[in-house]
Amino acid sequence: MTNFSTKVVETDLLICGGGMAACGAAVEASHWAKDRGIKITLVDKAAMDRSGAVAMGLSAINLYLDHNGGSNTLRDYVDYVRNDLMGITREDLVANIARHVDGTVHMFEKWGLPIWKDDQGRYVHEGRWQVMISGESYKVIVAEAAKKALAETGGEYIERVFITHPLVEGDRCVGAIGFSVRENTVYIFKAKATLVAMGGAVHVFRPRSTGEGLGRSWYPPFNSAGSAFFTIHAGAEMTCQEVRFVPVRFKDAYGPVGAWFLLFKSIATNALGEDYMKTNDAELDKWGPYGRAKPTPANLRNWLMMLDIMKGKGPIQMRTEDAIRRISEQSPDPKSAARKLKELESEAWEDFLDMTIAQALLWASTNVEPEKKPSEIMACEPYFIGSHSGASGAWVSGAEDLQTATTKSEYCWGYTNMTTVPGLFAAGDASGASSHKFSSGSFTEGRIAGKSAIAFILEEGGKAKQVSDARAAELTSEILKPLATFSEHAGMTTDPDINPKYVRPKQFMQRLQKVMDEYAGGVSCQLATSAKQLEQGLTLLSLLREDSKNLAAADLNELMRCWENVHRLHQAEAHVRSVLHREETRWPGYYLRSDKPTLDQANWLAFCNCQYDQAKNEWKMIKRPVKYITDGNGG
Ligand code: SFD
Ligand code: AMP
């Protein structure tokens, strides 16, 4: 396109994304860059104040160890995460985040985040690892700290620039390329180290939402597999691409359930009024050592619920009215019980107004008073989020001091949180096999990766190769091609959506979602799939990949949509290949391989990794051992 200009930004550390992990990286890296002449540049596709998963705010910090005040130990936490992920976890990564996370939470509080306190001034715990916050402005507060840190060290942040591809020279990542979603400018970022923190992915699978609610999901629509594409395309080894996350949420508006299950100690019941966690308890014995772990792993909680739905015992209801009544009845007299009831009622609404406003709107518009009647819950469509109870992301090096004699050779190959591509770091949803980081842990992992990237720049920065002009020019024309395709062919038909020469991004996304839903175990198949279904899915994805060359964009916004969908396609392919490769069912409730419906501990207590060679368009599947830094029995 002739009316586009190119802007070259030379920097030392490039942070891709502006969410929790990216902000953590900006704060920490700025500290270590100070007085060393190191420049940091952060690039976000949106505005940092309200970008990413925390855009609307959150109502809890889901990872706080309470090292000092409470009786929790680091080992307790590692045991919890390992069990919740059915044994598949990099304990070294989990422990590294957890040992630093309390300091992060204290920083948040210092910056002005209101954390609930009890009469003794202690944090109010939602559950063992979670603390309650008034978090409507959580992201604004965190972004402000990141911007301030960057400003103090001569760094910069660039908003509304969409990163499309990594720049790789030889075996090393040397920056990224993207474009502004507001003006006709292509950005080429040349960097000595690049840190990927562009979140996870939604809308790879068809959402439950349709019609007037189409697109509504629990996970934010802005996170569209940018991290996965970037690392896959750079040739990084990826891990746990099969470990999707399927959260249980309030039906249709996707309001989270944590505060109800943990803070209000609610139960959910089937249409017969039975607690499916009790009536389906015997099922837990089928799932190896994890079935009897406490708490029951998230996917097994889903599974016990789904069993009832499949038996015709749905709908499932969160018993909000019972929970509120039970707590208020504990008050010593009727007057304080009435006061407590009002307090609980407002906490129930605040939970959603802080985090998922649509759920409060749905309650209001459907006359739900949570203290009077229950609300339906449901398993969502699958998401890719390495920071919650899923695990997908890049395979990164662990901290050296946390390795044992047996883990070191497998899990530590260099700078902490560096991927297998030199100069390319990952954190938050972008790094895999280290689940349950949540907002605080993602920020903490960003800090760890940011500090490590600065060490890399100081020691290895001089060896960075120059980005080749030819490659930058080639990518520029590839990135802008959808605009040219549209303007060249749109006149062929009267309806711009119907055209033999191109596919529009929404159509492309809907085809992707249909393939994933029907062949890779989406909600219309009760999350079940099989080898034959997956193989057919791969064939259809390869045809979609051919059609990606004909994506068309009418404007900059659609150009972003085109590339979001190319990113999603790669996430989809990595997922399908990994579900196919792991010949067992390990996470029922996330997905069921109906042709391999049981746990195979002897063969599959292992990581399923993969690597893509884009020059050859070939995927390599890699099985890696699971090795714990504890004895794996909680001992
Ligand atoms: O309970 C590009 N999460 C919760 N965590 C908590 O600690 N407490 C809660 O209460 C939480 N709840 C919750 C949570 C998530 C969501 C969606 C809801 C409710 C509704 C999880 C955390 O939010 C999550 O773990 C972290 O935010 C993960 O951090 P990070 O940095 O990995 O992702 P991000 O914050 O979403 O940021 C992504 C950034 O990337 C940008 N981006 N930039 C440039 N180019 C591209 N191509 C890009 N693609 C994306 C985004 O704009 C953003 O800045 S509860 O329900 O679980
Ligand atoms: P959610 O709102 O589902 O994202 O959950 C918030 C936090 O509470 C996460 O740490 C979950 O793992 C945890 N959680 C949610 N429901 C339960 C439950 N029934 N038992 C134990 N932990 C839960």
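Quick caveat, the model's predicted, so the values are computed rather than measured.

**With respect to the overall build of the protein**
Counting its secondary structure elements, the protein contains 18 helices and 21 strands. By the compact-globule yardstick of 26 Å for 635 residues, the protein fits well, its C-alpha radius of gyration being 24 Å. Based on the C-alpha atoms only, the size of the protein along its principal axes is roughly 75 × 60 × 50 Å. By the burial criterion, 61% of the 635 residues in the protein qualify as buried. Taking as baseline every contact in the protein between residues at least 6 positions apart, the subset at least 24 positions apart corresponds to 75%. A total accessible area of about 23800 Å² is found for the protein, and carbon and sulfur atoms account for 51% of it. Measuring between centres, the 73 positive side-chain charges of the protein sit 1 Å from its 78 negative side-chain charges.

**Focus: the site of ligand 2**
As a structural note, the neighbourhood of ligand 2 is formed by 14 residues, with Gln130, Arg249, Gly258, Leu262 and His388 the closest of them. A distance of 3.5 Å is found between an oxygen atom of ligand 2 and a side-chain nitrogen or oxygen belonging to Tyr80. At 3.3 Å, a side-chain N or O of Arg301 approaches a nitrogen atom of ligand 2. Isolated, ligand 2 exposes 480 Å² of accessible area, and the fraction of that covered by the protein chains is 86%. At three residues, helix H6 (residues 258-263) tops the list of elements feeding residues into the shell around ligand 2. Its residues placed into classes, the shell around ligand 2 shows seven nonpolar, five polar and two charged.

**Re empty space enclosed by the protein**
Enumeration over the complete set of coordinates arrives at two cavities of 30 Å³ or more. Taken as a whole, the largest cavity holds about 70 Å³ of empty space. Lining of the largest cavity is provided by 14 residues; of these, Gly199, Gly200, Ala228, Asp429 and Gln571 occupy positions nearest its centre. Class assignment for the residues of the lining of the largest cavity results in six nonpolar, seven polar and one charged. Of the voids in this model, the second largest cavity is the one considered here, and its volume is about 40 Å³. The wall of the second largest cavity is formed by Ser59, Trp116, Met132, Ile133, Ala259, Leu263, Phe264, Glu347, Glu350 and Asp351. Among the elements of the structure, strand E5 (131-135), H6 and helix H10 (334-353) are those that each provide at least two residues to the lining of the second largest cavity.

**Focus: the pattern of salt bridges**
Per the stated rule, a full pass over the model turns up 47 salt bridges. For Asp322, the salt bridge is made with Arg319, and the minimal N-O distance between the two is 3.8 Å. On the basis of relative accessible area, Asp322 is assigned to the partly exposed category, the value being 22%. Given a relative accessible area of 21%, Arg319 falls into the partly exposed group. Taking the shortest distance from any N to any O, the salt bridge between Arg586 and Glu584 comes out at 2.7 Å. Overall, Glu584 belongs to the buried group, its relative accessible area being 0%.

**Concerning the sheet that holds strand E9 (residues 185-190)**
Ordered by their spatial adjacency, four strands build an open sheet running E1-E9-E8-E7, and the pairing between neighbours is mixed. Single-partner strands in this sheet number two, and they are strand E1 (5-10) and strand E7 (161-169). Neighbour-to-neighbour, the strand axes of the sheet open up by a mean angle of 20°, direction not taken into account. The strands that helix H5 (residues 226-233) touches are E7 and strand E8 (172-180); relative to E7, the one it contacts most, it runs at about 15°. Most of the contacts of helix H14 (residues 469-489) go to E7, to which it runs at about 145°, and overall it touches E7, E8 and E9.

**Description of the packing of helix H16 (residues 531-547) against helix H17 (residues 556-581)**
Two elements in contact, H16 and H17, have axes whose closest approach is 10 Å; the angle formed by their N-to-C orientations is 155°. Here H16 is positioned roughly antiparallel relative to H17, judged by the angle of their axes. By crossing handedness, the relation of H16 to H17 is classed as left-handed. Across from Ala531, Leu534, Glu535, Leu538, Leu541, Leu544 and Arg545 in H16, the residues of H17 making contact are Leu569, His570, Ala572, Glu573, Val576, Arg577, Val579 and Leu580. Of the residues in the contact of H16 with H17, the class split is ten nonpolar, one polar and four charged.

**Let's talk about the domain arrangement of the protein**
Split by domain assignment, the protein resolves into domain 1 (5-242 + 383-463), domain 2 (248-379) and domain 3 (479-603). At the interface, 13 residues of domain 2 touch 14 residues of domain 3. Buried surface at the junction of domain 2 and domain 3, summed over both partners, amounts to about 1000 Å²; 67% is from carbon and sulfur atoms. The interface formed by domain 2 and domain 3 includes zero salt bridges. For the pair domain 2 and domain 3, the interface holds three residue pairs in polar contact (both at pLDDT 80 or more). Counting residues per element, the side of domain 2 that touches domain 3 draws most heavily on helix H8 (residues 298-310), which supplies eight residues. A per-class count over the side of domain 2 that touches domain 3 returns ten nonpolar, three polar and no charged.

**Details of the pairing of E9**
Buried residues dominate E9, accounting for six of its six residues. A two-sided burial pattern is seen for E9, the buried positions comprising Thr185, Tyr187 and Phe189 on one face and Val186, Ile188 and Lys190 on the other. The pairing of E8 with E9 spans five bridges and is classified as antiparallel. Residue pairing for E9: Ile177 is matched across the bridge by Ile188.

**Observations regarding the pairing of strand E3 (residues 40-44)**
Across the five residues of E3, five count as buried, placing the element largely inside the fold. Neither face of E3 is left uncovered, since the one carrying Ile40, Leu42 and Asp44 and the one carrying Thr41 and Val43 both have all their residues buried. At this point the chain moves from strand E2 (residues 13-16), through helix H1 (residues 20-33), to the parallel E3, and the crossover so formed is right-handed.

**Quick notes on the site of ligand 1**
Within the structure, ligand 1 sits among 36 residues, and Asp44, Ala60, Asn223, Ser387 and Ser439 are positioned closest to it. At 3.4 Å from an oxygen atom of ligand 1 is found a main-chain nitrogen or oxygen belonging to Phe438. Ser439 has a polar side-chain atom sitting 2.6 Å from an oxygen atom of ligand 1. Protein contacts shield 98% of the accessible area of ligand 1, which totals 1100 Å² for the unbound molecule. When grouped by side-chain class, the residues that make up the shell around ligand 1 number 19 nonpolar, 13 polar and four charged. Among the domains, domain 1 (5-242 + 383-463) and domain 2 (248-379) are the pair contributing at least three residues each to the shell around ligand 1.

**Details of the nonpolar core**
In terms of nonpolar packing, the biggest core is built from 139 residues, with Phe179, Phe189, Phe230, Trp260, Ile377, Met516 and Leu541 touching the most fellow members. Examining the composition of this core, we find that twelve residues originate from one element, H17, more than from any other. Dropping the residues within four chain positions of it, Phe230 is found in contact with Cys16, Ile163, His165, Pro166, Cys173, Gly175, Ala176, Thr194, Val196, Met198 and Leu424. Counting residues in hydrophobic clusters, the runner-up holds 49 residues, among them Leu42, Met107, Val142 and Ala145.

Cut-offs and rules
- Residues numbered from 1 in each chain as written.
- Chains lettered and ligands numbered in written order.
- Predicted model: local features only at pLDDT ≥ 70, side-chain atom pairs only at ≥ 80, totals over all residues.
- Heavy atoms only, no water.
- Helix = DSSP H or I, 4+ residues; strand = E, 2+ residues; numbered from the N terminus.
- Rg over C-alpha atoms; globule rule 2.2 N^0.38 Å.
- Buried < 20%, exposed > 50% of the residue type's maximum accessible area, 1.4 Å probe, protein only.
- Contact = heavy atoms within 4.5 Å.
- Areas by Shrake-Rupley, 256 points an atom, 1.4 Å probe, with all protein chains shown as cover.
- Lys, Arg positive; Asp, Glu negative; His and termini not counted.
- Charge placed at Lys NZ, Arg CZ, Asp CG, Glu CD.
- Near = heavy atom within 4 Å.
- Polar contact = N/O pair within 3.5 Å; in protein donor to acceptor, adjacent residues only side chain to side chain.
- Nonpolar A, V, L, I, M, F, W, Y, C, P; charged D, E, K, R; others polar.
- 1 Å grid on protein atoms, 1.4 Å probe; cavity = no way out; pocket = protein on both sides within 12 Å on 5 of 7 lines; lining within 4 Å.
- Points joined across faces, edges and corners; volume = space filled by probe spheres on them.
- Salt bridge = Lys/Arg side-chain N within 4 Å of Asp/Glu carboxyl O.
- Pairing = 2+ DSSP bridges.
- Axes fitted to C-alpha atoms, helices over the stretch in contact; angles between N-to-C directions.
- Parallel < 35°, antiparallel > 145°, perpendicular 65-115°, else oblique.
- Left-handed = near helix turned anticlockwise from the far one by under 90°.
- Domains from an automatic or database assignment.
- Buried area = accessible area lost by both parts, 1.4 Å probe.
- Right-handed = clockwise from strand over helix to strand, strands pointing away.
- Core = buried A, V, L, I, M, F, W, Y, C linked by side-chain atoms within 4.5 Å.

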